[in-house]
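Understanding the architecture of this molecule
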Amino acid sequence: MRFEDEFLLAVHSSFWARPNRRWGLPGGSIERGEEPIRTVARELEEELEIYIQNFSELGAFSYKGSQHIVYGAEIHDRITYYDDSELLDLQWFDLQSVRNLHAAKKLHAGYELQAIERFQRV
């Protein structure tokens, strides 16, 4: 998600016991029979209590042997709330900060920077 010139990243609850927490894109797993676009809308509702209708598909990225379809969305208000049973932290980053996280290997899946750069061109 983009708000002005910043992008939303989160630390997922799977990093609870890990000392090296990494930032990733909000999202989650597709449920049986669910369309990918519905998955992203549902996950954002569950994790962030936001309701978005318009997404830009940014492509499929491989992570741990699975394809992850990534979507971007423009929003008009900065999100600060998150479900702390699903996410450990939430923060807004400008593009250079995301590049710095990528260089420091502090991004969860490794494709976050590429997805954000694609979103810049949409």
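Here goes a summary of the coordinates provided. (Residues numbered from 1 in each chain as written. Predicted model: local features only at pLDDT ≥ 70, side-chain atom pairs only at ≥ 80, totals over all residues. Heavy atoms only, no water.)

1. Focus: the layout of surface pockets
Rules: Cavity: a set of points on a 1 Å grid over the protein atoms alone where a 1.4 Å probe fits but cannot get out. Pocket: an open set with protein on both sides within 12 Å along at least five of seven lines, its lining residues, like those of a cavity, having an atom within 4 Å of a point. Grid points are joined across faces, edges and corners, and a volume is the space filled by probe spheres set on the points. In this text, helices come from DSSP runs of H or I with a minimum length of four residues, and strands from runs of E with a minimum of two, each type numbered from the N-terminal end.
Size it by volume and the largest pocket reaches roughly 880 Å³. As for the largest pocket, its lining consists of 36 residues, and the residues nearest its centre are Pro-26, Gly-27, Gly-28, His-68 and Tyr-111. For the lining of the largest pocket, the secondary structure elements donating two or more residues are strand 2 (6-12), helix 1 (36-48), strand 3 (56-63), strand 4 (66-72) and helix 3 (112-121). Take the lining of the largest pocket: its biggest share by element is 6 residues, from strand 4.

2. Quick look at the packing of aromatic side chains
Between two aromatic rings, the relevant description is the distance of the centres plus the angle of the planes. Short version of the rule: Aromatic contacts are taken between Phe, Tyr and Trp rings whose centres are within 6.5 Å, Trp giving its six-membered ring; a plane angle under 30 degrees counts as stacked, one over 60 as edge-to-face, and the others as tilted. Think of it in three bands: with a 1.4 Å probe and only protein chains considered, a residue is buried below 20% of the maximum accessible area for its type, exposed above 50%, and partly exposed in between.
Counted according to the given criterion, the structure contains 4 aromatic pairs. Aromatic pair Phe-55 and Tyr-71: ring centres 6.2 Å apart, planes at 70 degrees, arrangement edge-to-face. Separated by 16 residues along the polypeptide, Phe-55 in the loop between helix 1 and strand 3 and Tyr-71 in strand 4 bring together distant segments of the chain. By relative accessible area, which is 15% here, Tyr-71 ends up buried.

3. Remarks on unusual backbone geometry
Non-glycine residue Glu-49 carries a positive phi angle of around 55 degrees. Within the fold, Glu-49 resides in the loop between helix 1 and strand 3.

4. What about the pairing of strand 4?
Stated formally: The pairing criterion for strands is at least two bridges between them, as found by DSSP.
Relative to strand 4, strand 3 is paired through 7 bridges, and the arrangement is antiparallel. When the bridges of strand 4 are listed, Tyr-63 appears paired with Ser-66. Here strand 3 folds back onto strand 4, and the loop between the two strands holds 2 residues, one of which, Lys-64, carries a positive phi near 50 degrees.

5. Some thoughts on the environment of Gln-91
This is how it is decided: Here, two residues are considered to be in contact whenever any of their heavy atoms come within 4.5 Å of each other.
Along the chain, Gln-91 turns up in strand 5 (residues 87-94). Spatially, the C-alpha atom of Gln-91 lies 10.0 Å from that of Arg-78, the residues being 13 residues apart in sequence. Excluding residues within four positions of it along the chain, Gln-91 makes contact with Phe-7, Leu-8, Leu-9 and Trp-23.

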